[in-house]
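# Reading the structure
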Amino acid sequence: MKRWLAVIPVALLVLFAGLALSQLLSPKKGDFERVSRAAPDRQFTTLDGGDIVFAPPPSDQTIVVNLFASWCAPCEAEHPQLMTLSERYPGRVFGVLYKDTPEKGAEFLERMGNPFARVAIDPDGQGGLDFGLTGVPETFVISSDGEILLHVAGPLGPDDVKEVSGALSAPRN
């Protein structure tokens, strides 16, 4: 019996060491990933019935693309940060409604406020996969030449807004 009591602390130590190692090696939601890859050249239908492509962006400026859903609680939590970005950078914040209906997306934006210049619809999630989405919400900063500069996994917080603002304000070569 005493031998088993000696094994328990060692087993717990091994378990905690394994958990700590897995946390160090896996990306966390809310982490920034500086990337340099092309944004998807997919054509999306928009809530207003038009079309939009993000590579290159619909303007000659660096833009923000946020993937969200009406059923996503973290999307609600980050919404004030998107409103802030939209106020600072009018016409440069775009949304992609991920695996949701246009009606529910419109209701969500009516209730929360609409920070987006335009909202693309991605009902089957293929557009999100093209972006490299791991789960909503996620935000991408795309340069005027269609290159993803920054990827924020998880809901935006105040520090994320600073990071995204820096990417939006940085001069492009």
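Notes on the structure in this doc start here. (Residues numbered from 1 in each chain as written. Predicted model: local features only at pLDDT ≥ 70, side-chain atom pairs only at ≥ 80, totals over all residues. Heavy atoms only, no water.)

### A look at the overall build of the protein chain
- Within the protein chain, the secondary structure is distributed over five helices and eight strands.
- Mapped from its N terminus to its C terminus, the protein chain presents α and β elements in the order α-β-β-β-β-α-β-α-β-α-β-β-α.
- Per element, the accessible surface of the protein chain, about 9400 Å² overall, is 59% carbon and sulfur. (Helix = DSSP H or I, 4+ residues; strand = E, 2+ residues; numbered from the N terminus. Areas by Shrake-Rupley, 256 points an atom, 1.4 Å probe, with all protein chains shown as cover.)

### Observations regarding the packing of aromatic side chains
- In the structure shown here, the tally under the stated rule is six aromatic pairs.
- Measuring from centroid to centroid gives 5.7 Å for Phe 44 and Phe 54, while their planes differ by 55 degrees, and the two rings are tilted. Within this pair, whereas Phe 44 is found in strand β2 (residues 43-46), its partner Phe 54 is found in the loop between β3 (51-53) and β4 (63-68), the two being separated by 10 residues in sequence.
- A centroid spacing of 5.1 Å and a plane angle of 25 degrees characterise the contact between Phe 68 and Phe 116, whose relative ring orientation is stacked. Placement of the pair is Phe 68 in strand β4 and Phe 116 in the loop between α3 (102-112) and β6 (119-122), with a sequence separation of 48 residues. Phe 116 carries the same exposure label as Phe 68, and that label is buried. (Phe/Tyr/Trp six-rings, centres within 6.5 Å; stacked < 30°, edge-to-face > 60°. Buried < 20%, exposed > 50% of the residue type's maximum accessible area, 1.4 Å probe, protein only.)

### Remarks on the environment of Gly 127
- As for its placement among the helices and strands, Gly 127 is situated in helix α4 (residues 126-131).
- For the pair Gly 127 and Tyr 98, spaced 29 residues apart in the sequence, the C-alpha separation amounts to 8.3 Å.
- Among all residues touching Gly 127, those that are not within four sequence positions of it are Arg 42, Phe 44 and Asp 122. (Contact = heavy atoms within 4.5 Å.)

### Overview of the state of the cysteines
- Inspection of the entire model under this criterion finds one disulfide.
- Between the sulfur of Cys 72 and that of Cys 75 lies a disulfide, 2.4 Å long from S to S. Linking Cys 72 and Cys 75, the disulfide has an S-S dihedral of approximately 85 degrees and is accordingly described as right-handed. Of the two residues, Cys 72 and Cys 75, neither departs from the other in class, the shared state being buried. (Disulfide = S-S within 2.5 Å.)

### Side note on the packing of helix α2 (residues 73-88) against helix α5 (residues 158-169)
- Interhelical geometry of α2 versus α5 gives an angle of 30 degrees and a closest axis separation of 10 Å. Viewed along their axes, α2 and α5 adopt a mutual orientation that is roughly parallel. α5 is crossed by α2, and the crossing has right-handed handedness. Side by side, α2 and α5 meet where Gln 81, Thr 84, Leu 85 and Arg 88 of the first sit next to Pro 158, Val 161, Val 164, Ser 165 and Leu 168 of the second.
- Counted by class, the contact of α2 with α5 contains five nonpolar, three polar and one charged residues. (Axes fitted to C-alpha atoms, helices over the stretch in contact; angles between N-to-C directions. Parallel < 35°, antiparallel > 145°, perpendicular 65-115°, else oblique. Left-handed = near helix turned anticlockwise from the far one by under 90°. Nonpolar A, V, L, I, M, F, W, Y, C, P; charged D, E, K, R; others polar.)

### Details of the side chain of His 79
- One can find His 79 in helix α2.
- In this structure His 79 comes out as buried when scored by relative accessible area, which is 2%.
- Residues within four places of His 79 in sequence aside, it is in contact with Phe 108, Leu 109, Met 112, Gly 113 and Pro 115.

### With respect to α2
- Within α2, the axis deviates most sharply at His 79, by approximately 40 degrees, and proline Pro 80 lies no more than four positions further along.
- Buried residues along α2 sit in contact with β4, β5 (93-98), α3, β7 (138-142) and α5. (Bend = angle between axes of the 7 residues up to and from the residue.)

### Focus: the pattern of salt bridges
- One pass over the structure, following the stated rule, counts three salt bridges.
- When the shortest N-O distance is used, the salt bridge between Arg 111 and Glu 76 registers 3.3 Å. One end of the pair, Arg 111, is in helix α3; the other, Glu 76, is in helix α2, and 35 residues separate them in sequence. (Salt bridge = Lys/Arg side-chain N within 4 Å of Asp/Glu carboxyl O.)

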